[in-house]
Amino acid sequence: MSDFASARVAVVGAGPAGLYAVQSLVASAPGIRVDVFDRLPAPYGLVRYGVAPDNQKIKSVTRVLRTPFDDAARIRFFGNVRFGVDLLRADLVEHYDAVVYATGAQGERLLGVPGENLPGCHGAKAFVDWYSGHPDAADTTFALDAPHVAVVGAGNVALDVARMLVRTREELAATDVPDRVLDAFRQSRVTDVHLIARRGVAQAKFTVEELRAINQLADVDIVVRPDEVTLTREDEGLLESHRPLRSAVGMVREWARRPAPGKPRRIHFRFLRSPARLLGASRVEGVLLERNEPLADGRVRGTGQFETLPAGMVVRSVGYKALPLAGLPFDPIACVLRHRAGRLIQENGEHATGEYVAGWAKRGPSGIIGTNKSDAAETISSLLADFARRSSSPAKVGDPITRLLRARGVEYTDWASWLRLDAHEVQLGQAQGRPRVKTAALAEMLELCRASTHVVTESTP
Ligand code: NAP
């Protein structure tokens, strides 16, 4: 382990998976040097750009994730560095003793139904990127001019999207969304969000905490049709052995029993319904839904009975997926990097020495932010075990990476730059009584990173 204490490790991706990996490395070998690369000038990945803006409590995990960067000499951040473009796999393998890829899931699944390409149908990722102020969506606009919106999918992302669409102006004004996003929500004409779940209530992926957040919305009725939340005998058995699921299903079934008080906006839960086609000539006007019937094994079968749901916007929220990464072994079926216990596995089945994977790129898009902690711990324990087995493990010497990036003309940012950007966003927020106001455009982010404001500590949400 003494060799490892002076090792140099690269982590690609500064989201929760990458930063929990850094924590795990530092905890195992306090003297270790780690360089963290991200394509954006801001760290925190899904915490900053995935956790919904109205969930600032979850975002406060940044207080934990940032701690390794206090040791600026050993733990460095390189923002605005694109893996596969500015920095190649070969560079990392050459200059580091080990590399951990934690690049998340940048793609998403499709519905695969006719009409999906009509204007007005959007992937949840684009919508989430937009309201989260992600640079990829800095030029995207969502008009929110349709009273009825269909959100397809029965997971927590679908619930996030639905909740954001029906929040009051005052509630949204307490979030960190960019100003132009806040303006779009202020002008929103959305009154009804229809959540479309293809299976039954007992098969939905919503978690009870997220359902509770829906329940607490100030100006929103929750509408559930009693005939769509009946349970099969098999469902009853499932609930008996699964307490969190029992609570979630109980909450939704309770909503079906209570009268709607008549608030100005509504979320309609629709179970056992699959979109068969998106309707509309030149843009989305509705969804043709097929009614499904449940099977004993939890799957469903179409009944051939259809109904039309009018909707001027459709958000597809049926799961993210990791995309292949420049030259790295990829499993196209599971849509993850090929690995065993976090060790990257080449096409020939052999371990790619010194290369590892963590987070959604490793296990697929599942779990909460905290799940990445144990996931990263498994990866780092594989890394440590491999290191201990190496007959000689000379640490790589020198610091060629900064030279290499400069030679390639890459304008990389560092932790101090992020602190400047962070302070700017928080300052803007304070002026409006908000936790922060996000800067979305990459050029503007870089400009703020360059600014010479003196900042000593990061602000917290
Ligand atoms: P998810 O939990 O996997 O949900 C995806 C949903 O899409 C499932 O209900 C799935 O139904 C449905 N679906 C898939 N293909 C479909 C199709 N062709 N037609 C209709 N429906 C389809 O994924 P997610 O909501 O994107 O969330 C990703 C992860 O992030 C999850 O682990 C989630 O819990 C987590 N997350 C957590 C929070 C939080 O804790 N606050 C917030 C957001 C996200 P089937 O089950 O039938 O396949």
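Everything quoted here is computed from the prediction, not taken from an experiment.

Participant: Can you explain the sheet that holds strand E8 (residues 192-196)? Please cite residues and give values.
Facilitator: The strand order across the open sheet formed by six strands is E6-E14-E7-E8-E10-E9, and the pairing between neighbours is parallel. For this open sheet the edge positions go to strand E6 (121-123) and strand E9 (220-224), each flanked by a neighbour on one side alone. With strand direction ignored, the average angle separating the axes of adjacent strands in the sheet is 20°. Here four bridges tie strand E7 (residues 148-152) to strand E14 (residues 313-316), and the two strands are oriented parallel to one another.

Participant: Got a sec to walk through the site of the ligand? Specific residues and values, please.
Facilitator: For the ligand, the set of nearby residues contains 22 residues, the closest of which are Asn 156, Arg 198, Arg 199, Glu 210 and Gly 367. In the environment of the ligand, an oxygen atom lies 2.8 Å from a nitrogen or oxygen atom belonging to the side chain of Arg 198. Arg 199 places a side-chain nitrogen or oxygen 2.7 Å from an oxygen atom of the ligand. Surface burial for the ligand is 84%, taken as the share of its 920 Å² of free accessible area covered by protein chains. Tallying contributions element by element places helix H8 (residues 156-166) first for the shell around the ligand, with three residues.

Participant: Describe the domain arrangement of the chain, listing the residues and the values that go with them.
Facilitator: Examined at the domain level, the chain breaks down into domain 1 (8-106 + 321-413) and domain 2 (110-318). Taking only C-alpha atoms, the centre of domain 1 and the centre of domain 2 are 33 Å apart. Contact between domain 1 and domain 2 buries roughly 1,200 Å² in total, counting both sides, with carbon and sulfur atoms accounting for 51%. A per-residue breakdown of the area domain 1 buries against domain 2 is headed by Tyr 49, Pro 53 and Asp 54, which together make up 50% of the total. Counting across the domain 1 and domain 2 interface gives three salt bridges. A salt bridge links Asp 136 to Arg 39, with the shortest nitrogen-to-oxygen separation between them at 2.8 Å. Those elements giving two or more residues to the side of domain 1 that touches domain 2 turn out to be helix H3 (45-49) and helix H4 (56-59). Within the side of domain 1 that touches domain 2, the residues separate by chemical class into five nonpolar, four polar and four charged.

Participant: Go over the environment of Val 300 with me, naming the residues and quoting the values.
Facilitator: Inspection of the secondary structure puts Val 300 in strand E13 (residues 300-310). For Val 300, a relative accessible area of 25% puts it in the partly exposed group. The sequence separation of Val 300 and Ser 274 amounts to 26 residues, and the corresponding C-alpha distance is 9.8 Å. With sequence-adjacent residues up to four places away left out, Val 300 is seen in contact with Arg 198, Arg 199, Leu 272, Asn 292, Glu 293, Pro 294 and Leu 295.

Participant: Could you give an account of unusual backbone geometry, with specific residues and numbers?
Facilitator: One non-glycine residue, Asn 80, lies in positive phi territory at about 60°. Tracing the backbone shows Asn 80 in the loop between strand E3 (75-78) and helix H6 (89-95). Given a relative accessible area of 13%, Asn 80 falls into the buried group.

Participant: Tell me what's going on with the nonpolar core, and back it up with residues and numbers.
Facilitator: Tyr 131 and Phe 269 are the most contacted members of the largest nonpolar core, which has 85 residues in total. Here this core spans two domains, and each of domain 1 (8-106 + 321-413) and domain 2 (110-318) adds at least three residues to it. Look past the residues within four positions of Tyr 131 in its chain and what remains in contact with it is Ala 52, Pro 53, Asp 160, Val 161, Met 164, Val 177, Pro 178, Val 181 and Phe 185. Counting 42 residues, the second-largest nonpolar core is a separate cluster that includes Val 11, Tyr 356, Ala 358 and Met 445.

Participant: Help me get a handle on the packing of helix H7 (residues 124-131) against H8, residues and values and all.
Facilitator: Across the interface, H7 lies against H8 with an axial gap of 11 Å and an inter-helix angle of 50°. It follows that H7 is oblique to H8 by the angle criterion. Once H7 is placed against H8, the crossing between them reads as left-handed. Contacts between H7 and H8 involve Ala 124, Phe 127, Val 128 and Tyr 131 on the former and, on the latter, Val 157, Asp 160, Val 161, Met 164 and Leu 165. Considered class by class, the residues forming the contact of H7 with H8 number eight nonpolar, no polar and one charged.

Participant: Could you give an account of the packing of aromatic side chains, with specific residues and numbers?
Facilitator: What the rule picks out here adds up to 18 aromatic pairs. Centroid distance Phe 37 to Phe 78: 5.0 Å. Interplanar angle 25°. Geometry classified as stacked. Highlighted residues: Phe 37 in strand E2 (residues 33-37) and Phe 78 in strand E3, separated in sequence by 41 residues. Taking relative accessible area as the criterion, Phe 78 reaches 2% and is therefore assigned buried. Seen in terms of ring centroids, Phe 69 and Trp 415 are 4.0 Å apart; in terms of plane orientation they differ by 10°. Their pairing is stacked.

Parameters at a glance
Residues numbered from 1 in each chain as written. Predicted model: local features only at pLDDT ≥ 70, side-chain atom pairs only at ≥ 80, totals over all residues. Heavy atoms only, no water. Pairing = 2+ DSSP bridges. Helix = DSSP H or I, 4+ residues; strand = E, 2+ residues; numbered from the N terminus. Axes fitted to C-alpha atoms, helices over the stretch in contact; angles between N-to-C directions. Near = heavy atom within 4 Å. Polar contact = N/O pair within 3.5 Å; in protein donor to acceptor, adjacent residues only side chain to side chain. Areas by Shrake-Rupley, 256 points an atom, 1.4 Å probe, with all protein chains shown as cover. Domains from an automatic or database assignment. Buried area = accessible area lost by both parts, 1.4 Å probe. Salt bridge = Lys/Arg side-chain N within 4 Å of Asp/Glu carboxyl O. Nonpolar A, V, L, I, M, F, W, Y, C, P; charged D, E, K, R; others polar. Buried < 20%, exposed > 50% of the residue type's maximum accessible area, 1.4 Å probe, protein only. Contact = heavy atoms within 4.5 Å. Core = buried A, V, L, I, M, F, W, Y, C linked by side-chain atoms within 4.5 Å. Parallel < 35°, antiparallel > 145°, perpendicular 65-115°, else oblique. Left-handed = near helix turned anticlockwise from the far one by under 90°. Phe/Tyr/Trp six-rings, centres within 6.5 Å; stacked < 30°, edge-to-face > 60°.

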